[in-house]
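Structural characterization, general
Here is how the chains run, residue by residue.
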Amino acid sequence: MRTWVEIDKENLKYNVLKLKEIANNREVLGVVKANAYGLGSVEITKILQEIGVNFFGVANLEEAIELQEAGIKDKILILGASFEDELIEATKRGVHVAISSMGQLQFLVNNKLNPNMHLKFDTGMTRLGFEVDEAKKVIEFCKNNNLNLVGVFSHLSDSDGNTVETKNFTLEQIEKFKKIINSLNLKYIHISNSAGITNFYNDIVGNLVRMGIGMYSFTGNKKHLIKKYFYNKIKTFIY
Ligand SMILES: *Cc1c(COP(=O)(O)O)cnc(C)c1O
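The rules we used
Residues numbered from 1 in each chain as written. Predicted model: local features only at pLDDT ≥ 70, side-chain atom pairs only at ≥ 80, totals over all residues. Heavy atoms only, no water. Helix = DSSP H or I, 4+ residues; strand = E, 2+ residues; numbered from the N terminus. Contact = heavy atoms within 4.5 Å. Areas by Shrake-Rupley, 256 points an atom, 1.4 Å probe, with all protein chains shown as cover. Phe/Tyr/Trp six-rings, centres within 6.5 Å; stacked < 30°, edge-to-face > 60°. Buried < 20%, exposed > 50% of the residue type's maximum accessible area, 1.4 Å probe, protein only. UniProt positions renumbered as here; feature names shortened; annotations may be inferred. Salt bridge = Lys/Arg side-chain N within 4 Å of Asp/Glu carboxyl O. Core = buried A, V, L, I, M, F, W, Y, C linked by side-chain atoms within 4.5 Å. 1 Å grid on protein atoms, 1.4 Å probe; cavity = no way out; pocket = protein on both sides within 12 Å on 5 of 7 lines; lining within 4 Å. Points joined across faces, edges and corners; volume = space filled by probe spheres on them. Nonpolar A, V, L, I, M, F, W, Y, C, P; charged D, E, K, R; others polar. Near = heavy atom within 4 Å. Polar contact = N/O pair within 3.5 Å; in protein donor to acceptor, adjacent residues only side chain to side chain.

For the chain, the count of helices and strands is 10 helices and nine strands. Within the chain, contacts between residues at least 6 apart in sequence are counted, and of these 61% link residues at least 24 apart. Carbon and sulfur atoms provide 49% of the accessible area of the chain, an area that totals close to 12000 Å².

What follows is the structure, encoded as structure tokens:
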């Protein structure tokens with residue numbers, strides 16, 4: 001027996017534009033990691049390009065190369081951690097990288113590498129990333145070494161939860177992130193994933209939102225706060 005999913009291009013575009021609208025028309029980073037959750041990263045990327053999305057997120061260098069080799073010339077950010085040799089290759093390829101340790105920063109300086117970098121901050125149990133308290137020091141280090149700091153970000157690991165605890169935890173993460181970005185003027189400041197948009201639409205901060213699973217209408221638990229507002233307007237298209 002064979003099974004498959006069918007993607008309705010128009011519904012996909014509708015969903016993305018609707019999420020973008022909920023996020024007050026902030027710029028969109030289309031997360032197409034893990035082969036766009038198995039749906040085909042090149043195909044999904046091309047559909048998103050049709051509605052003006054021109055920034056894509058992948059898990060690692062290999063996924064970034066796959067997009068580039070398929071002829072995709074837009075900006076790509078590697079969301080996960082990159083090894084040193086991957087930082088070298090990503091720099092050559094003009095791929096944006098996530099930086100989460102002083103060791104990586106020092107490696108870039110020592111090797112005169114200057115990729116577009118986004119500093120990753122740990123605002124709560126994300127395992128990887130700089131501490132919020134380190135923000136000033138780390139950003140200062142980037143400036144002093146003329147590093148190409150284009151963004152800062154964090155991840156809302158529990159934004160799709162539906163308990164008081166997960167809600168409070170996410171709001172605390174957003175508060176911590178606000179401390180970092182306060183008075184910071186960067187091109188890309190981002191923390192919200194799909195459920196971070198749908199469940200916390202009043203608390204979105206920064207100027208970019210990262211959409212993954214929500215593009216396909218899965219936005220977490222059905223008990224979500226804005227279920228009515230949201231579910232009436234987003235179309236489901238996986239059969
Ligand atoms: C996977 C991922 C996303 C997308 O999350 P969704 O919940 O699928 O919207 C966003 N940001 C980062 C860092 C991710 O790893």
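So, on to the packing of aromatic side chains. Scanning all chains against the criterion turns up three aromatic pairs. Between Tyr 37 and Tyr 216 the ring centres are 6.4 Å apart and the planes differ by 75°, which places this aromatic pair in the edge-to-face class. With Tyr 37 in helix H2 (residues 33-37) and Tyr 216 in the loop between strand E9 (208-211) and helix H10 (227-231), this residue pair connects regions lying 179 residues apart in the sequence. Note on Tyr 37: relative accessible area 36%, which makes it partly exposed. Judged by centre distance (5.8 Å) and plane angle (50°), the rings of Phe 121 and Phe 130 are tilted.

This part takes up the UniProt feature "modified residue: N6-(pyridoxal phosphate)lysine" (unreviewed entry) in the chain. UniProt's entry tags Lys 33 with the feature "modified residue: N6-(pyridoxal phosphate)lysine" (unreviewed entry), counted in the numbering of this structure. By the element assignment, Lys 33 lies in helix H2. Taking relative accessible area as the criterion, Lys 33 reaches 29% and is therefore assigned partly exposed. Sequence-distant contacts of Lys 33, that is, excluding residues within four places in its chain, are made with Gly 57, Val 58, Ala 59 and Glu 63.

Before going further, it helps to examine the pattern of salt bridges. Following the criterion strictly, the structure yields 10 salt bridges and no others. Lys 9 is paired through a salt bridge with Glu 50; the nearest N and O atoms lie 3.2 Å apart. In this pair, Lys 9 is assigned in helix H1 (residues 9-22) and Glu 50 in the loop between helix H3 (41-49) and strand E2 (55-58), connecting sequence segments 41 residues apart. The salt bridge involving Glu 50 is made with Lys 13; its shortest N-O contact spans 2.6 Å. Separated by 37 residues along the polypeptide, Glu 50 in the loop between H3 and E2 and Lys 13 in helix H1 bring together distant segments of the chain. Using a relative accessible area of 13% as the deciding quantity, one classes Lys 13 as buried. A network of salt bridges, in which partner residues are shared, links Lys 9, Glu 10, Lys 13 and Glu 50.

Once that is clear, we can look at the nonpolar core. One finds Ile 44, Leu 48, Ile 99, Leu 105, Met 117, Leu 119 and Val 152 to be the most contacted residues of the largest nonpolar core, which totals 62 residues. The leading source of residues in this core is helix H7 (residues 135-144), at five residues. Setting aside residues up to four positions removed in sequence, Leu 48 forms contacts with Leu 12, Val 16, Gly 30, Val 32, Val 53, Phe 56 and Met 215. Judged by nonpolar contacts, the second largest core, of eight residues, contains Leu 29, Phe 55, Leu 77 and Leu 79.

Considering only enclosed or pocket space, the second largest pocket measures out at about 280 Å³ in volume. Lining the second largest pocket we find 16 residues, and of these Lys 136, Ile 139, Lys 143, Ile 180 and Leu 184 sit closest to its centre. Secondary structure elements with two or more residues in the lining of the second largest pocket: H7 and helix H8 (164-181). Ranked by residues supplied to the lining of the second largest pocket, first place goes to H7 with six residues. When its residues are assigned to classes, the lining of the second largest pocket shows nine nonpolar, three polar and four charged.

The next point concerns the site of the ligand. Taken together, the residues surrounding the ligand are Val 31, Lys 33, Tyr 37, Leu 79, His 155, Asn 193, Ser 194, Arg 210, Gly 212 and Ile 213. With respect to the ligand, the side chain of Asn 193 contributes an N or O atom lying 3.3 Å from an oxygen atom. When isolated, the ligand has an accessible area of 390 Å², and the protein chains bury 86% of it.

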